[in-house]
Protein chains: 2
Amino acid sequence: MTEQGTLELSLADIRISSLKPDELLVRVEAAPINPSDLGLLLAGAEVGSARVVGTSDRPVMVAPIAEGTLHSLAARVGKSLSVGNEGAGTVVATGSSAEAQTLLGRTVAVAGGSMYSQYRVVHSSLCLPLPPGTSAKEGASSFVNPLTALGMIETMSREGHMGLVNTAAASNLGQMLVKLCLEEGVPLVSIVRRPEQVEQLKSIGAVHVCDSSSPSFTADLIHALKATSATLAFDATGGGKLASQVLTAMEAAANDSEGEYSRYGSTVHKQVYIYGGLDSSPTLLSRNFGFAWGIGGWLLTPFLGSISADTFARLRSRVADGLKTTFASSYTAEISLVGMLEPITIGRYSKQATGEKYLVVPDPE
Amino acid sequence: MTEQGTLELSLADIRISSLKPDELLVRVEAAPINPSDLGLLLAGAEVGSARVVGTSDRPVMVAPIAEGTLHSLAARVGKSLSVGNEGAGTVVATGSSAEAQTLLGRTVAVAGGSMYSQYRVVHSSLCLPLPPGTSAKEGASSFVNPLTALGMIETMSREGHMGLVNTAAASNLGQMLVKLCLEEGVPLVSIVRRPEQVEQLKSIGAVHVCDSSSPSFTADLIHALKATSATLAFDATGGGKLASQVLTAMEAAANDSEGEYSRYGSTVHKQVYIYGGLDSSPTLLSRNFGFAWGIGGWLLTPFLGSISADTFARLRSRVADGLKTTFASSYTAEISLVGMLEPITIGRYSKQATGEKYLVVPDPE
């Protein structure tokens, strides 16, 4: 971000220093663009008004930033920030430690930030060695979505809930969660926004799918919540009335089960965690769901910080075992590093259309 | 509530059965009208359109209920419900147990429901014997407000916060909290809605009072939050933007302290508990406060159910010691049981004007 209130995206040459004992040099071969990358990458800039300066192999994309959002970005001004939460590639050099050296030549997934890059130096503990026969493209999304899906189930257990609700549920993550919940025996209600997405999720085994565009949405949702006893929802949209509608339906389901009138509503605790911001409008809570409720933010990184090393190892190993099945991702298109800076391409990957996902494949040298 | 969609308030003669060993017969001498009583008592009825039928000593108030709220009250239809969360009076008869008999003649505070009554049979464990020299009127509000104020501080400690924010803070409860936090050394930010309330709270020792009607409210609030490190707010209003404004200001205060830019906002957990509904409009969350936040409902009864018997005993004893000082309540007017049914009087006590509080003094036989 510049002091003139614009966003500049460019490629930079970075000198790689010599490796410390536990470090690896990874040649990045694939890195997904997750919704969680877009805030840092695009800073809410008006990419529709972007222009490109610089040369064809070193383009610089320049886009204005709306006056209203400048204040909250003040801490970024003048700082060059690198982007890319996760990716995968080949270990082409290692530090001197024995553990690092065993990884030479291996394909690894990495969650270290700065992954939109040709090469990346990372600590070996940030790498997940992929099972033999798994390519970098297959392993590129080994962290954010798989650990988020697993984290939702861990959170459910830890907080004493019996089932889950997920929104924007036709996404890559939503499909992953459908498969995972079937395997783990976790009752799941998937909320989608279009009729064809109901069929899409049912075709991969989803039992309860509710379409928020349907006139019978409220009744469908209450029915599904009664059938599943789901009292914990993860909401990727964040804005508007959806979180409130989910809490209201959970309250109706709980009151149907409890039977008695209570002036303060049911005693069943109903929780929504907002883990995305597909809808940036304000969250509207109608508060017709008693007093036993909570809404909060949920992020993968603090969640991972809250679990034990044993639990983390168990979750990572679960991901490695399922990369070609439960945790397989599909991509709409592949994009080069130079391609990431093209306004038309930015327009596509910044849309966050449900089910669309893009894979960055760095240009070879 | 009738099947015709009206609310009927009346007095009823109830036969008192013989006392079980641990029961007491209390002559109720004073019972406050708390905001938490009004939902059950008035069911959101249109009291401005009320009429009175029946006789002068057995009036029946009849008021229509808005179409839109009928559905959520379905479980009440046709049921006669008694009202009054707390009160105080004299023990005029006891059951056979030794513990019950020691209370004969004592003035006790009671939190048992159904306290808008001349007499009330209660289990001895629901009574707080008042210290000698404390009248029933002085002890009538021994539970709801004092235990809520103490509960806020307990919740703060339990959840790892260092200071508190309270809204509608010129209320009886808000004044109590100012005094209690001074005694306990808890940093407190009081949010009020009028300039004269700032002076009122400062006159009883409040250090940080912010007026939400002031043009400098946001800056004042951030300043107070930085000074107190308060990251837990209790909001009695519930509706509108206030909870969101508090979270945004907490985030600004946290970012000023943390210094570094983080794409996901500060890592400081910011929490708002809504414990009242003075503003029944939807809660509007702008979500410009990162991901480390939570909002939820907070009610005294579940809170009391979550603490140990030792903690409860400690809190009750703290209340008994401070009934004439820290936990003293003041009342706008006294109302008889018949008076409670008069539409003009209902209009007054149902307003929930900050700082106004009414005391029911049952008519003697």
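The notes below deal with the structure included here. Quick caveat: nothing in here was measured; it's all calculated off a predicted structure. (Residues numbered from 1 in each chain as written. Chains lettered and ligands numbered in written order. Predicted model: local features only at pLDDT ≥ 70, side-chain atom pairs only at ≥ 80, totals over all residues. Heavy atoms only, no water.)

1. A closer look at the interface of chain B and chain A
At step 1: Taken together, the contact between chain B and chain A spans 34 residues of the former and 34 residues of the latter.
At step 2: Counting across the chain B and chain A interface gives zero salt bridges.
At step 3: The interface formed by chain B and chain A holds 13 residue pairs in polar contact (both at pLDDT 80 or more) in total.
At step 4: If you list the elements that add at least two residues to the side of chain B that touches chain A, you get α1 (35–42), β13 (238–240), β15 (279–285) and β16 (293–297) of chain B.
At step 5: Of the residues forming the side of chain B that touches chain A, the biggest block, seven residues, is contributed by β15 of chain B.
At step 6: Each residue belonging to the side of chain B that touches chain A can be placed in one class, and the counts come to 16 nonpolar, 14 polar and four charged. (Contact = heavy atoms within 4.5 Å. Salt bridge = Lys/Arg side-chain N within 4 Å of Asp/Glu carboxyl O. Polar contact = N/O pair within 3.5 Å; in protein donor to acceptor, adjacent residues only side chain to side chain. Helix = DSSP H or I, 4+ residues; strand = E, 2+ residues; numbered from the N terminus. Nonpolar A, V, L, I, M, F, W, Y, C, P; charged D, E, K, R; others polar.)

2. Remarks on the nonpolar core
At step 1: In terms of nonpolar packing, the biggest core is built from 46 residues, with L221, L225 and I295 of chain A together with L221, L225 and I295 of chain B touching the most fellow members.
At step 2: In this structure L225 of chain B touches V165, V189, A230, V246, A249, M250 and A253 of chain B, once residues within four positions along its chain are discounted. (Core = buried A, V, L, I, M, F, W, Y, C linked by side-chain atoms within 4.5 Å. Buried < 20%, exposed > 50% of the residue type's maximum accessible area, 1.4 Å probe, protein only.)

3. Focus: the sheet that holds strand β1 (residues 6–10) of chain A
Residue and element names in this part refer to chain A.
At step 1: The strand order β1-β4-β3 describes an open sheet built from three strands, whose pairing is antiparallel. Two strands close off the open sheet at either side, each with one partner strand: β1 and β3 (51–54). Across the sheet, the mean angle from the axis of one strand to that of its neighbour is 30 degrees, orientation sign disregarded.
At step 2: Bridge analysis of β3 against strand β4 (residues 59–64) gives four bridges, and the strand direction is antiparallel. Counterpart to V52 in the pairing with β4 is M61. (Pairing = 2+ DSSP bridges. Axes fitted to C-alpha atoms, helices over the stretch in contact; angles between N-to-C directions.)

4. What about unusual backbone geometry?
With the exception of glycine, most residues fall at negative phi, and the peptide bonds are largely trans.
Residues and elements named next belong to chain B.
At step 1: Positive phi, close to 50 degrees, is recorded for A43, a residue that is not glycine.
At step 2: Along the chain, A43 falls in the loop between α1 and β3 (51–54).
At step 3: Phi angles above zero are rare outside glycine, and A168 is one such case at about 50 degrees.
At step 4: Checked against the element boundaries, A168 lands in the loop between β9 (164–166) and α6 (172–184).
At step 5: On the basis of relative accessibility, which here comes to 7%, the residue A168 falls in the buried class.

5. Description of the sheet that holds β16 of chain B
At step 1: Ordered in space as β11(A)-β10(A)-β9(A)-β12(A)-β14(A)-β16(A)-β16(B)-β14(B)-β12(B)-β9(B)-β10(B)-β11(B), the twelve strands form an open sheet in which the pairing is mixed. This sheet does not close on itself; its edge strands, each paired only once, are β11 (208–211) of chain A together with β11 (208–211) of chain B. Across the sheet, the mean angle from the axis of one strand to that of its neighbour is 15 degrees, orientation sign disregarded.
At step 2: Where strand β14 (residues 270–274) of chain B meets β16 of chain B, five bridges bridge the pair, whose relative direction is parallel. Bridge pairing in β16 of chain B links Q271 of chain B to G294 of chain B.
At step 3: Across the sheet, helix α7 (residues 195–203) of chain B lies against β10 (188–192) and β11 of chain B, angled at about 170 degrees from β11 of chain B, the strand it touches most.

6. A look at the environment of E183 of chain A
Residues and elements named next belong to chain A.
At step 1: Within the secondary structure layout, E183 lies in helix α6 (residues 172–184).
At step 2: Along the sequence, E183 and T326 sit 143 residues apart, while their C-alpha atoms lie 8.8 Å from each other.
At step 3: Leaving out residues up to four positions away in the same chain, E183 has contacts with R318 and T326.
At step 4: A distance of 2.9 Å separates a polar atom in the side chain of E183 from a polar atom in the side chain of R318.

7. Examining the packing of aromatic side chains
Each aromatic ring pair is characterised by the separation of its centres together with the angle its planes make.
At step 1: Applying the stated criterion to the full structure yields ten aromatic pairs over all chains.
At step 2: With a centroid separation of 5.8 Å and an interplanar angle of 35 degrees, the aromatic rings of F234 of chain A and Y273 of chain A are classed as tilted. In this pair, F234 of chain A is assigned in strand β12 (residues 232–235) and Y273 of chain A in strand β14 (residues 270–274), connecting sequence segments 39 residues apart.
At step 3: When the ring of F234 of chain B is compared with that of W298 of chain B, the centres are 5.4 Å apart and the planes differ by 85 degrees; the resulting orientation is edge-to-face. Residue F234 of chain B is found in strand β12 (residues 232–235), and its partner W298 of chain B is found in the loop between β16 and α10 (300–306); the two are separated by 64 residues along the sequence. Taken individually, F234 of chain B and W298 of chain B each receive the classification buried, so the pair is uniform in this respect.
At step 4: What links up through ring pairs into an aromatic cluster is the set F234, Y273, Y275, W298 and F303 of chain A. (Phe/Tyr/Trp six-rings, centres within 6.5 Å; stacked < 30°, edge-to-face > 60°.)

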